Amino acid sequence: MTQDIVFAGYCTYKGLHLVTDAQAKRLTHLNIAFGEVRNNRVDISGILAHREELERIRRSNPHLAIVLSTGGGGAGGHDTASSPEHLAGFVQSTMEAVHTLALDGIDCDWEFPRNLKEREQHIQLMAAYRRELDELQAARGRKCWLSIAAAAWDRYYEFVDIRRVAEMLDFVNLMTYDMRDAAWPTAVTGHHSNLYSPGKDSGQPYLDSIDLAVEKLVERGVPREKIVVGAAFYSRQWTGVPDVGHGMGVPMAAHSDYGPDYTAIAEVYERDPAWTRYWDDTCKAPWLFNGETFITYDDPVSLAHKGRFVREKGIRGIMYWVHDADRTGRLFDALAQQLFPQAGDQRT
């Protein structure tokens, strides 16, 4: 496998048993979600309860970089933990977790720095992590990785100095999903993880896309070889949508909520004649609509386009959230086959 390309999967510790040995052999990075930030320390008790699965995965691919993701949506913030009076202890607790689990690095998922003080704390935290990981790398003679999960919308960068932070990182995991609701002040049905922006004649009021997010990141000083874009193994949905334009581009009173995961979409929704799958060839993204509920998601076709995009644009790689959400393996295969075409058609 070509290690220069990053193929990273996020997996909750409760879902580690779903990572097959064959899949572990194809991944370059596995991010374990989450080391939960509690009382200014990183709590890995949940991961430790599933340590046997972690060891199985490691045995199946000794070259796989297994990384601790800290924080994350709903798993605790880093704000007080990385304040000057707590920084040293917090970094020490994170490194203790890395040593305890014999992991290969840290993926900081701070959602999100909220002010100028936290902007500076974010920089200092990354600098401290980099020093510690470099020391560990020298001692053990094996690469130690440092990444962050970064939002894909403009206002994120108000309190994140992404150019300075990226200098200390191996790559940035750009969360190019949830782009619609997170970025937009008003609610309009549409794609949440589309590769390209809607055309000017589409009637869509917002242009967020993976392609646009990458270009904006490059403009902010992050080289393409440090950008890893995101794919969604889950969906978002609106209910009570008027049956206009197959539900696309309809103004709504509220933002979307989480929808079914891809397992349910593939095994239930796409088989149900009440639902119709539509394809946006400009955005390279599908959606489902049944006359009143609109579901935006990724499928094997959209992910094949994303895999080719990564190779053609010279981007470092692609990651996905979250492994647990696709028990069919179809989304995983679609990405792997595009990222590593020379490996052949190895099924999970």
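In the block above lies the structure referred to throughout.
All of the points below concern the structure found in this document.

**Things to note about the nonpolar core**
Then step 1. Counting 89 residues, the largest nonpolar core has F7, L125, M126, Y129, I148, V172 and L174 as its most contacted members.
Then step 2. Counting residues per element, this core draws most heavily on helix α5 (residues 116–140), which supplies 8 residues.
Then step 3. Excluding residues that lie within four positions of it along the chain, I148 makes contacts with D107, C108, H122, M126, Y156, I162, V165, L169, F171, V172 and N173.
Then step 4. The next biggest cluster of nonpolar side chains, apart from the first, holds 14 residues, and it includes Y10, M175, V228 and A232.

**Notes on the sheet that holds strand β14 (residues 285–289)**
Then step 1. An order of β12-β10-β15-β14-β13 is seen for the 5 strands of this open sheet, with the pairing classed as antiparallel. The sheet terminates laterally at β12 (257–261) and β13 (276–280), the two strands that pair on one side only. Between one strand and the next, the sheet's axes are offset by a mean angle of 30°, whatever the strand orientation.
Then step 2. Bridge analysis of β14 against strand β15 (residues 293–296) gives 3 bridges, and the strand direction is antiparallel. When the bridges of β15 are listed, L288 appears paired with I295.
Then step 3. Packing against the sheet, helix α10 (residues 300–313) makes contact with β13 and β14, and its axis sits at approximately 20° to β13.

**A short note on the layout of surface pockets**
Then step 1. Approximately 600 Å³ is the volume found for the largest pocket.
Then step 2. If you go around the largest pocket, you meet 26 residues; those closest to its centre are G73, E111, D178, Y258 and W321.
Then step 3. Elements with a contribution of two residues or more to the lining of the largest pocket: β1 (6–12), β2 (29–38), α7 (179–183), β10 (234–239) and β12.
Then step 4. Of the residues that constitute the lining of the largest pocket, the class distribution is 14 nonpolar, 4 polar and 8 charged.

**Some thoughts on the pairing of β1**
Then step 1. The element β1 is largely enclosed, with a buried count of 6 among its 7 residues.
Then step 2. Relative to β2, β1 is paired through 5 bridges, and the arrangement is parallel. Its bridge partner being in β2, T12 is matched across the sheet by A33.

**Notes on the state of the cysteines**
Disulfides are covalent bonds that link the sulfur atoms of two cysteine residues.
Then step 1. Taken as a whole, this structure holds 0 disulfides when the rule is applied.
Then step 2. No disulfide involves C11; its sulfur sits 20 Å from that of C108, the nearest cysteine.
Then step 3. The thiol of C108 is not disulfide-bonded; the next cysteine sulfur, from C144, is found 16 Å away.
Then step 4. Its relative accessible area of 1% is what places C108 among the buried residues.

**Examining the pairing of strand β9 (residues 227–232)**
Then step 1. Across the 6 residues that make up β9, a large majority, 6, are buried.
Then step 2. Along β9, one buried face is formed by I227, V229 and A231 and the opposite face, lined by V228, G230 and A232, is buried too.
Then step 3. Sheet topology places strand β7 (residues 171–175) next to β9; 3 bridges connect them, and they run parallel. Bridge pairing in β9 places L174 opposite V229.
Then step 4. Pairing of β9 with strand β16 (residues 317–321) involves 5 bridges; the strand directions are parallel. Looking across to β16, one finds that V229 is bridged to I318.

**What about the pattern of salt bridges?**
Then step 1. By the definition in use, this model includes 24 salt bridges.
Then step 2. One salt bridge in this structure joins E96 and R41, with 3.1 Å as the shortest N-O distance. With E96 in helix α4 (residues 87–100) and R41 in strand β3 (residues 41–43), this pair connects stretches of sequence that are 55 residues apart.
Then step 3. By relative accessible area, which is 35% here, E96 ends up partly exposed.

**Looking at unusual backbone geometry**
Then step 1. Put simply, E111 and F112 share a cis peptide bond, and its omega is -5°.
Then step 2. The amide bond that connects W321 to the next residue, V322, takes the cis arrangement and shows omega of 5°.
Then step 3. Along the polypeptide, V322 turns up in the loop between β16 and α11 (330–339).
Then step 4. Positive phi values are uncommon outside glycine, yet N40 reaches one of about 65°.

Reading the values: rules and limits
- Note on numbering: residues in each chain are counted from 1, in written sequence order.
- Whole-chain, interface and lining totals are the exception, using all residues; otherwise, since this is a predicted model, local features are given only for residues with pLDDT of at least 70 and side-chain atom pairs are given and counted only at 80 or more.
- Only heavy atoms go into the side-chain values, all of them from the structure, while hydrogens and water stay out.
- Residues belong to one nonpolar core when they are buried, are Ala, Val, Leu, Ile, Met, Phe, Trp, Tyr or Cys, and are joined through side-chain atoms within 4.5 Å.
- Exposed residues in this analysis have more than 50% of their type's maximum accessible area, buried residues have under 20%, and partly exposed residues fall in between, with area computed by a 1.4 Å probe over protein chains only.
- We count a stretch as a helix when DSSP gives it H or I for four or more residues in a row; a strand needs E for two or more, and each element gets its number in order from the N terminus.
- By the convention used here, residues are in contact when the closest approach between their heavy atoms is within 4.5 Å.
- In this description, strands pair whenever DSSP reports at least two bridges between them.
- Axes here refer to lines fitted to C-alpha atoms; in helices the fit is confined to the stretch in contact. Angles between the N-to-C directions go from 0 to 180 degrees.
- Residues are said to line a cavity or pocket when one of their atoms sits within 4 Å of a point; the points come from a 1 Å grid over protein atoms alone, cavities being sets where a 1.4 Å probe fits but cannot get out and pockets being open sets with protein on both sides within 12 Å along at least five of seven lines.
- Grid points are joined across faces, edges and corners, and a volume is the space filled by probe spheres set on the points.
- Put simply, Ala, Val, Leu, Ile, Met, Phe, Trp, Tyr, Cys and Pro go in the nonpolar bin, Asp, Glu, Lys and Arg in the charged bin, and everything else, Gly too, in the polar bin.
- The definition used for a disulfide is geometric: two cysteine sulfur atoms within 2.5 Å.
- Salt bridge, as used here: a side-chain nitrogen of Lys or Arg that lies within 4 Å of a carboxyl oxygen of Asp or Glu.

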